[in-house]
Amino acid sequence: MMKLLILLVLVLGILAIAQLVRVYELSSRLRGKREEDISPADNRMNARLMWLFCVVYFGFFLWLVIRYKDKMLPVAASAHGVETDWLLNFNWIILLIAFVLTNVLLFYFAGKYVYDKNRRSFWQPHNNKLELIWTVIPALVLAVIIIYGLNTWNKITAPATAEAVQVELYAKQFDWTARYPGKDGVLGATDYRLISGTNPLGIVTRASVAASLAEMEETLAEMENTVANNILPDSKVSELNAGAERLRRHIARVINLRQVMEQDIAVNGGASIYLAGSDDVVTKDFYLPVDNEVKLVIRSRDVLHSMYLPHMRAQMNAVPGMTTTFKMTPTITTEAMRAELKDPKFDYVLLCNKICGSSHYNMQMPLTVTSASEYEAWYADLVKKPFEAADEAPQADAQEPAATSDTQAVLGMN
Ligand SMILES: [Cu+2]
């Protein structure tokens, strides 16, 4: 109601001003004054208003900076984040100098050189020296910005070292799942064809392929049995047949995957990526050790997402059908950051930074950065629940009842 009233007052105010202007114009005409004649007093007032606007504008600008300072991110909690912040601040300083200088001069000159009929403007058609100055200086400044930026970018995007802790971050509408390699330190192979309620990340191992095939074959047999029993109406029978056909096609795809897997194992032996998955751990807990290089391996099941750790100044797209990576070194533990911010409830957070659907805003997972020893203890506990012991493991996809079996996922997928 209050908003409506304010709106009404605003509209009426604008109308009143428009009417006043109209009255002024009519009275000027009566007084025989032409519209093009602007008195020196009018010009001087406009000049003063230019200066006033300049002061009010920069005053508001400063007020905004001070007022919302606490909404800024705290100090960067990763090694490269400190460099990113330096780069950003460096750019800000250059921008601010150029911005303040040009805008203050713009308003100052507009006020200073108020129209005076006795003054003639200075006519300067060309000046090589000036042209040179305003070409060379911006070019030099831009070159410095680009070289400094590229240098930082190359450092951030360089490949991770072999000692880096590997963690997979798996995005789907609308949550994150983490996967840690088991004792072998290697993340096993994955394939979308195996995604199911018990294998949400589609980890490929001999056992998971066999389980997937067994479950699908069982479902197929049930379907064929139902059709053979001849108790369903024709429409249901054709629906069931179509479903069975899809299932047969998917079985063929998984058999194909099995072939690829067996060939890889035959060629690479124990080093095959298909033998590395059974001890992987799929979890909703995201822990990282402090002062240790980390390689984040990022995948998406459905649409574009983006792995975003604002406090770490880390961001990387999660693209369906491909794997992206981001390496970083966290430098401040959760504990230390809580002390720094005097906020005992503070947690680092992993967000999705691509608008990926209706619950995008809620797609987040807390990150805990601990000391190396605490991390070791946590990890030792974690690897007791490997992926292959899926029967006892807590279901990662508990909040998604729609896809609780291989078959349902397959039927929906085709
Ligand atoms: Cu998302």
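The model shown is predicted, which means the values in this text are computed figures rather than measured ones.

**Some words on the overall build of the protein chain**
Phase 1 of the analysis: The helix and strand tally for the protein chain stands at nine helices and ten strands.
Phase 2 of the analysis: Rg of the C-alpha trace for the protein chain: 33 Å, well past the compact-globule value of 22 Å for 414 residues, more than 25% over.
Phase 3 of the analysis: A principal-axis box enclosing the C-alpha atoms of the protein chain has dimensions of 100 × 60 × 50 Å.
Phase 4 of the analysis: When burial is assessed residue by residue, the protein chain has 22% of its 414 residues classed as buried.

**Regarding the packing of helix 5 (residues 206-229) against helix 6 (residues 234-268)**
Phase 1 of the analysis: At their nearest, the axes of helix 5 and helix 6 sit 10 Å apart, and the two run at 160 degrees to each other. Of the possible angle classes, the one that applies to helix 5 and helix 6 is roughly antiparallel. Handedness of the helix 5/helix 6 crossing: left-handed.

**Considering the environment of Leu275**
Phase 1 of the analysis: Within the secondary structure, Leu275 sits in the loop between helix 6 and strand 3 (281-283).
Phase 2 of the analysis: Judged by the 20 C-beta atoms lying within 10 Å of it, Leu275 is buried.
Phase 3 of the analysis: Here the alpha-carbon distance between Leu275 and Ala189, two residues 86 residues apart in the chain, equals 8.2 Å.
Phase 4 of the analysis: In contact with Leu275, other than residues within four places in its own chain, are Ile265 and Gly270.

**Details of the nonpolar core**
Phase 1 of the analysis: Leu169, Val204 and Met307 are the most contacted members of the largest nonpolar core, which totals 48 residues.
Phase 2 of the analysis: In contact with Leu169, other than residues within four places in its own chain, are Trp176, Ala178, Leu296, Ile298, Met307 and Leu350.

**Observations regarding the domain arrangement of the protein chain**
Phase 1 of the analysis: For the protein chain, the domain assignment lists domain 1 (41-115 + 128-158) and domain 2 (165-413).
Phase 2 of the analysis: Here the C-alpha centre of domain 2 lies 45 Å away from the C-alpha centre of domain 1.
Phase 3 of the analysis: Facing the ten residues of domain 1 at the interface are 14 residues of domain 2.
Phase 4 of the analysis: Tallied by class, the residues present in the side of domain 1 that touches domain 2 amount to five nonpolar, four polar and one charged.

**Things to note about unusual backbone geometry**
Phase 1 of the analysis: Residues Gln173 and Phe174 are joined by a peptide bond in cis, for which omega reads 0 degrees.
Phase 2 of the analysis: By the secondary structure assignment, Phe174 is in the loop between strand 1 (165-172) and strand 2 (175-180).
Phase 3 of the analysis: Of note, the phi angle at Asp291 is positive, near 55 degrees, even though the residue is not glycine.
Phase 4 of the analysis: A tally of 13 C-beta atoms within 10 Å means that Asp291 is categorised as partly exposed.

**A word on the sheet that holds strand 1**
Think of a sheet as strands paired side by side through backbone hydrogen bonds, with each pair either parallel or antiparallel.
Phase 1 of the analysis: Pairing within the open sheet is mixed, and its five strands lie in the order 3-2-1-5-8. In this open sheet, the two edge strands, each paired with only one partner strand, are strand 3 and strand 8 (324-328). Between one strand axis and the next, the sheet turns by 25 degrees as a mean value, whatever way the strands run.
Phase 2 of the analysis: Pairing analysis gives seven bridges linking strand 1 to strand 5 (residues 294-300), with the strands arranged parallel. Each bridged residue has a counterpart across the sheet, and for Gln166 the counterpart in strand 5 is Lys295.

**Topic: the pairing of strand 6 (residues 305-309)**
Phase 1 of the analysis: Strand 6 sits mainly inside the fold: five of its five residues count as buried.
Phase 2 of the analysis: Sheet topology note: the strand 6/strand 7 (residues 314-318) ladder contains five bridges and is antiparallel. The residue of strand 7 that forms the bridge with Met307 is Met316.
Phase 3 of the analysis: The turn joining strand 6 and strand 7, which pair antiparallel and follow one another in sequence, is formed by four residues; a positive phi near 55 degrees is taken by Arg313.
Phase 4 of the analysis: Relative to strand 9 (residues 348-352), strand 6 runs antiparallel, the two sharing two bridges. Looking across to strand 9, one finds that Tyr308 is bridged to Leu351.

**Brief notes about the sheet that holds strand 4 (residues 287-289)**
Phase 1 of the analysis: Here we have five strands laid out as an open sheet, ordered 4-10-9-6-7, and mixed in their pairing. Single-partner strands in this sheet number two, and they are strand 4 and strand 7. Strand-to-strand, the axes of this sheet are offset by a mean angle of 25 degrees, without reference to chain direction.

What counts as what
Residues numbered from 1 in each chain as written. Predicted model: local features only at pLDDT ≥ 70, side-chain atom pairs only at ≥ 80, totals over all residues. Helix = DSSP H or I, 4+ residues; strand = E, 2+ residues; numbered from the N terminus. Rg over C-alpha atoms; globule rule 2.2 N^0.38 Å. Buried ≥ 20, exposed ≤ 12 C-beta atoms within 10 Å, placed from the backbone. Axes fitted to C-alpha atoms, helices over the stretch in contact; angles between N-to-C directions. Parallel < 35°, antiparallel > 145°, perpendicular 65-115°, else oblique. Left-handed = near helix turned anticlockwise from the far one by under 90°. Contact = placed C-beta atoms within 7 Å. Core = buried A, V, L, I, M, F, W, Y, C linked by C-beta atoms within 7 Å. Domains from an automatic or database assignment. Nonpolar A, V, L, I, M, F, W, Y, C, P; charged D, E, K, R; others polar. Pairing = 2+ DSSP bridges.

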